[in-house]
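One-letter residues, chain by chain:
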Amino acid sequence: MKVEIHNSWQQRLVEEFNKPYFDSLTTFVKQEYKSFNCYPPGKEIFAAFDRCAFENVKVVIIGQDPYHGPKQANGLCFSVTDGVSHPPSLINIFKEIETDLGKPYPKSGNLERWADQGVLLLNATLTVRAQTAGSHQKKGWEVFTDAVIRKLSEEGEGLIFLLWGGYAKKKSSLIDATKHAILQTGHPSPLSANRGYWFGNKHFSKTNEILSKSGKSIINW
């Protein structure tokens, strides 16, 4: 099956695209988009890959589901389209960057600026039905994105995986910790953050420290 995705990913994931589960997944997603409002827009389903070529990946952030409100999701985990109000998790991410790095709170919640610097913003499930969280889970997306994580672990060099919350932390079993850095903390959602599991993790300064020590350019968060 030919999938419209950046060529650097296409050549590495072609085996996944040709598996029966992906065929079933494609059929499901097409029917959902035909029958309901779904997010992100069809052309942005693989935006995380299109904005960040495989060979440019330095950091991987793993989310769970796209936002399911109008005009929010743009194919990058935790990111929202320009001009859209920042969801609570994104607010807490920016607050942590404020205290960790002393950077002012940004106006835009569009994280394309991170992706362009080598941050792969990967949701485990790439689509969702409007106003129905988790509606596209367990349809095949997780099989695909697990394969992506394995491929990054196998072929990438010195990557940094940021695993936020219990769901993301489970992905650590897919990552070779002898060749990559894994930073884990609570989820930035208010439920977790207000219990003391998010703020103060300093993942952004720690990531830049690791990148700098390995001779890579740091991320302008």
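It should be noted that the structure appears before, not after, this text.
Residues numbered from 1 in each chain as written. Predicted model: local features only at pLDDT ≥ 70, side-chain atom pairs only at ≥ 80, totals over all residues. Heavy atoms only, no water.

Novice: Mind laying out the nonpolar core, listing which residues take part and the relevant values?
Specialist: Ranked by internal contacts, the top residues of the largest apolar core, which has 65 residues, are Ile61, Trp114 and Phe144. Not counting residues within four places of it along the chain, the set of residues in contact with Phe144 comprises Leu13, Glu16, Phe17, Tyr21, Phe22, Phe46, Phe49 and Leu126. (Core = buried A, V, L, I, M, F, W, Y, C linked by side-chain atoms within 4.5 Å. Buried < 20%, exposed > 50% of the residue type's maximum accessible area, 1.4 Å probe, protein only. Contact = heavy atoms within 4.5 Å.)

Novice: Which residues make up the pairing of strand E3 (residues 119–123), and what are the values?
Specialist: Here E3 lies mainly inside the structure; five of its five residues are buried. Residues Val119, Leu121 and Asn123 point to one face of E3 and Leu120 and Leu122 to the other, with burial holding for every one of them. Two strands pair when backbone bridges link them, and strand E2 (residues 59–63) and E3 are joined in this way by five bridges, in the parallel orientation. Residue Val59 lies in a different strand from E3, and its bridge partner there is Val119. (Helix = DSSP H or I, 4+ residues; strand = E, 2+ residues; numbered from the N terminus. Pairing = 2+ DSSP bridges.)

Novice: Please provide a residue-by-residue account of the pattern of salt bridges, values included.
Specialist: One pass over the structure, following the stated rule, counts eight salt bridges. With a closest N to O distance of 3.3 Å, Glu209 and Lys213 form a salt bridge. On the criterion of helical spacing, the pair formed by Glu209 and Lys213 is a turn pair, its members being four residues apart in helix H9 (residues 203–213). (Salt bridge = Lys/Arg side-chain N within 4 Å of Asp/Glu carboxyl O.)

Novice: Can you tell me about the sheet that holds strand E5 (residues 160–164), naming the residues and giving the values?
Specialist: What the four strands build is an open sheet, ordered E3-E2-E5-E6; its pairing is parallel. The open sheet is flanked by E3 and strand E6 (181–185), the only strands paired with a single partner. Within this sheet the neighbouring strands show an average axis-to-axis angle of 20 degrees, counted without direction. Across four bridges, the pairing between E2 and E5 is parallel. For Val59, the partnering residue across the bridge sits in E5 and is Ile160. Packing of helix H6 (residues 141–155) onto the sheet brings it into contact with E2, E3 and E5, and relative to E3 it is tilted by some 155 degrees. (Axes fitted to C-alpha atoms, helices over the stretch in contact; angles between N-to-C directions.)

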